Amino acid sequence: MNWFVNDRFGMFVHWGAYSLAARHEWVKTREKLTDAQYQPYVDHFSPDLYDPVAWARTAKAAGMRYVVLTTKHHDGFCLWDSDLTDYKASRDLVEPFVAACRAEGLKVGFYHSLIDWHHPEFPVDGTHPQRDVRPLPERDISVYRRYLHGQVKELLTRYGTVDYLFFDFSYAGRSDFWGGKGPEDWGSKELLAMVRELQPGILVNDRLGIPGDFVTPEQYQPSAPMPGLWEACQTLNGSWGYDRDNLDYKSADLLVKMLVDGVSKGGNLLLNVGPDGRGRIDPRATALLADIGGWMDLHERSIRGCGPAEYPAPPDCRYTRRGDRLYLHLFSWPLRHVHLPGLAGKVRYTQLLNDASEIRFVSTDPDQEAQNTRMGGQAPGTLTLELPVQRPDVLVPVVELFLE
């Protein structure tokens, strides 16, 4: 698990036939489309601009160190040349993706949906596009379970080392979906055992409904560290698949703050892009990733290999730490001073990380009275940094503290 904890930042890629609809990856069930109504997206999925090398280089330039591709989403459409179905792309799109990632030194990850709205033996439930059709058709999930296991076996035996596997998702007992399915339906224990046998070094998430290697909070930032390894799964604009008319993009500084916030709590960030039907990452997404990459070029060492610090951070700030380096991320820029509890006598040097310019620091007598331009004393053990008035022109300023 060392690479996962060290790398901290990865790219999620949601891509498939739904990219042609361009209105969310759940379009089939949101609009209750039949297989026939959905078929035009499958028939016309011909991504002539698909360039996985460009994807991998975009991810690497953004500071990401692993990429996770949707091999099959809930619609059942496969991006590789599966022997078990004809419901697939006209050519294997996974193989060049894997090759491109490896060429750029990126870890390879696969997403695979446990749900399948196309398979004839996947029982209709509250997630299914045909959930309102009556009578419900009789279906045998054991047949689908063999298909699920067979497809996972294909993915883990055709492409060499696979570093990461993201299953999605178990929903037994959920009140928002009737007929939900869980570990017994997927054969999760047997499936996970097969995964471990085929790829002994792989990391697997928690969505089989049984414990995995890491947990996956989605579309929210945990308010505190989560148990064990965890990774926040986040979108740029609220949609995972290409959503042409969704303009609710997060700002680059907010995305960097989300990354920092996660690392400060011991977590990773898996940030999603949704390429369009021709295989191109949206220019709005590439621009945001380029901005994040510019920040990472200067501040990577406050993220990579870092984790939580034991010191309480000042208001609207986050700490990360790696060895004897403590990193103070200033989400807002204060006037001249920032006070760091518990650090007096523990720091030998401080600097802005973006340009290595010195930041001076003092420890004031707790009994010192404020008078005119003289600042009053701070609580015992407090270290005070003396900041410039002008905020550095970076998305999130960082002060690097060298600990004694």
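Here, every reference points to the structure presented above.
Note that the structure is a prediction, hence the values are computed from the model and not measured.

A.B. asks: Is there a simple way to think about the pairing of strand S14 (residues 398-403) in this case?
C.D. replies: Across a regular strand the side chains alternate sides, sitting on one face of the sheet and then on the other. The buried fraction of S14 is high, at six of six residues. With burial as the criterion, each face of S14 is covered, one bearing Val398, Glu400 and Phe402 and the other bearing Val399, Leu401 and Leu403. As paired strands, strand S9 (residues 325-330) and S14 are joined by five bridges and run antiparallel to one another. Across the sheet, His329 pairs through a bridge with Val398, a residue of S14. Looking at chain direction, strand S11 (residues 347-352) and S14 are connected through five bridges and run antiparallel. Within the sheet, the bridge partner assigned to Leu352 lies in S14 and is Val399.

A.B. asks: It is not clear to me how the sheet that holds S14 should be interpreted in this structure. Could you clarify?
C.D. replies: An order of S8-S9-S14-S11 is seen for the four strands of this open sheet, with the pairing classed as antiparallel. Whereas interior strands pair on both sides, the edge strands pair on one side only; in this sheet they are strand S8 (317-322) and S11. Averaged over all pairs of adjacent strands, the angle between their axes in this sheet comes to 20°, without regard to strand direction. Contacting S8 and S9, helix H10 (residues 252-264) runs over the sheet at an angle of about 55° to S8.

A.B. asks: What should I look at first to understand the packing of helix H5 (residues 52-61) against helix H6 (residues 94-103) in this one?
C.D. replies: What describes two packed helices is the angle between their axes and the distance between those same axes. At a minimum axis separation of 8 Å, H5 and H6 run at an interaxial angle of 40°. Comparing the axis directions of H5 and H6 gives the class oblique. Two packed elements cross with a definite hand, and for H5 against H6 that hand is right-handed. Counting all contacts with H5, which are made through Pro52, Val53, Trp55 and Ala56, the residues of H6 involved are Pro96, Phe97, Ala100 and Cys101. Among the residues making up the contact of H5 with H6, the classes are represented as eight nonpolar, no polar and no charged.

A.B. asks: Would you mind showing me how to read the layout of surface pockets here?
C.D. replies: Gaps between atoms show up when a probe of the same size as a water molecule is rolled over them. In this structure, the largest pocket occupies an estimated 350 Å³ of space. Every residue lining the largest pocket is counted, 21 residues in all, and those nearest its centre are Trp26, Asp168, Phe169, Arg207 and Glu218. Considered class by class, the residues forming the lining of the largest pocket number eight nonpolar, six polar and seven charged.

A.B. asks: Help me understand the pattern of salt bridges in this model?
C.D. replies: Close approach of charged atoms allows side chains of opposite charge to pair. Per the counting criterion, the structure on display carries 28 salt bridges. With its nearest N and O atoms 2.5 Å apart, the salt bridge here joins Arg278 to Asp48. Taken as a pair, Arg278 in the loop between strand S7 (267-273) and helix H11 (283-299) and Asp48 in the loop between helix H4 (35-43) and H5 lie far apart in primary sequence, 230 residues in all. Exposure remark for Arg278: the relative accessible area of 45% places this residue in the partly exposed category.

A.B. asks: Got a minute to help me understand the sheet that holds strand S13 (residues 383-386) in this structure?
C.D. replies: If you trace the three strands from one edge of the open sheet to the other, you get S10-S13-S12, paired in antiparallel fashion. Either end of the sheet is taken by a strand with one partner, and the two such strands are strand S10 (337-340) and strand S12 (360-362). Pairwise comparison of adjacent strand axes, ignoring direction, gives a mean angle of 30° for this sheet. Alignment of S12 against S13, held across three bridges, turns out to be antiparallel. What sits directly across from Arg360, in S13, is Glu386.

A.B. asks: For this particular structure, what's the right way to read the environment of Ser46?
C.D. replies: Within the fold, Ser46 resides in the loop between H4 and H5. Sequence separation between Ser46 and Ala59 is 13 residues, and the spatial gap between their C-alpha atoms is 23 Å.

A.B. asks: For this particular structure, what's the right way to read H4?
C.D. replies: Each α-helix winds once per 3.6 residues, and so residues spaced three or four apart point in a common direction. Regarding H4, the residues found buried are Tyr38, Tyr41 and Val42. Seen along its axis, H4 keeps its buried residues to an arc of 100°; they face one direction. Turned more than 90 degrees away from the buried face of H4 sit Ala36 and Asp43, all of them exposed. Of the surrounding elements, those touching the buried residues of H4 are helix H2 (18-21) and helix H3 (27-30).

A.B. asks: Looking at this model, I keep getting lost on the side chain of Ser239. Mind explaining?
C.D. replies: Mapping Ser239 onto the fold places it in the loop between strand S6 (230-234) and H10. With a relative accessible area of 4%, Ser239 lands in the buried category. There is a polar contact of 3.0 Å between the side chain of Ser239 and the side chain of Asn246. With residues up to four places along the chain from it excluded, the contact list for Ser239 reads His24, Glu25, Asn246 and Asn272.

A.B. asks: Explanation requested: the packing of aromatic side chains in the structure shown.
C.D. replies: Two aromatic rings, taken as a pair, are described by how far apart their centres are and by the angle between their planes. Taken as a whole, this structure holds 29 aromatic pairs when the rule is applied. On the basis of an interplanar angle of 35° and a centroid distance of 5.8 Å, the ring pair of Tyr66 and Tyr164 is categorised as tilted. Taken as a pair, Tyr66 in strand S2 (residues 66-72) and Tyr164 in strand S4 (residues 164-168) lie far apart in primary sequence, 98 residues in all. By relative accessible area, which is 0% here, Tyr164 ends up buried. Relative to Phe177, the ring of Phe169 lies with its centre 6.5 Å away and its plane at 50°, an arrangement referred to as tilted. Here Phe169 matches Phe177 in class, with each residue buried. Through successive ring pairs, a cluster of aromatic residues spans Trp15, Phe45, Tyr50, Trp55, Phe77 and Tyr87.

A.B. asks: Could you clarify how one ought to interpret empty space enclosed by the protein in this entry?
C.D. replies: Scanning the model with the defined rule gives three cavities of 30 Å³ or more in all. Estimates place the volume of the largest cavity at around 110 Å³. Surrounding the largest cavity, 14 residues form its lining, Leu236, Asn237, Tyr249, Val273 and Gly274 being those nearest its centre. Residue composition of the lining of the largest cavity, grouped by class: seven nonpolar, five polar and two charged.

About the cut-offs
- Residues numbered from 1 in each chain as written.
- Predicted model: local features only at pLDDT ≥ 70, side-chain atom pairs only at ≥ 80, totals over all residues.
- Heavy atoms only, no water.
- Buried < 20%, exposed > 50% of the residue type's maximum accessible area, 1.4 Å probe, protein only.
- Helix = DSSP H or I, 4+ residues; strand = E, 2+ residues; numbered from the N terminus.
- Pairing = 2+ DSSP bridges.
- Axes fitted to C-alpha atoms, helices over the stretch in contact; angles between N-to-C directions.
- Contact = heavy atoms within 4.5 Å.
- Parallel < 35°, antiparallel > 145°, perpendicular 65-115°, else oblique.
- Left-handed = near helix turned anticlockwise from the far one by under 90°.
- Nonpolar A, V, L, I, M, F, W, Y, C, P; charged D, E, K, R; others polar.
- 1 Å grid on protein atoms, 1.4 Å probe; cavity = no way out; pocket = protein on both sides within 12 Å on 5 of 7 lines; lining within 4 Å.
- Points joined across faces, edges and corners; volume = space filled by probe spheres on them.
- Salt bridge = Lys/Arg side-chain N within 4 Å of Asp/Glu carboxyl O.
- Arc of directions from axis to C-beta.
- Polar contact = N/O pair within 3.5 Å; in protein donor to acceptor, adjacent residues only side chain to side chain.
- Phe/Tyr/Trp six-rings, centres within 6.5 Å; stacked < 30°, edge-to-face > 60°.

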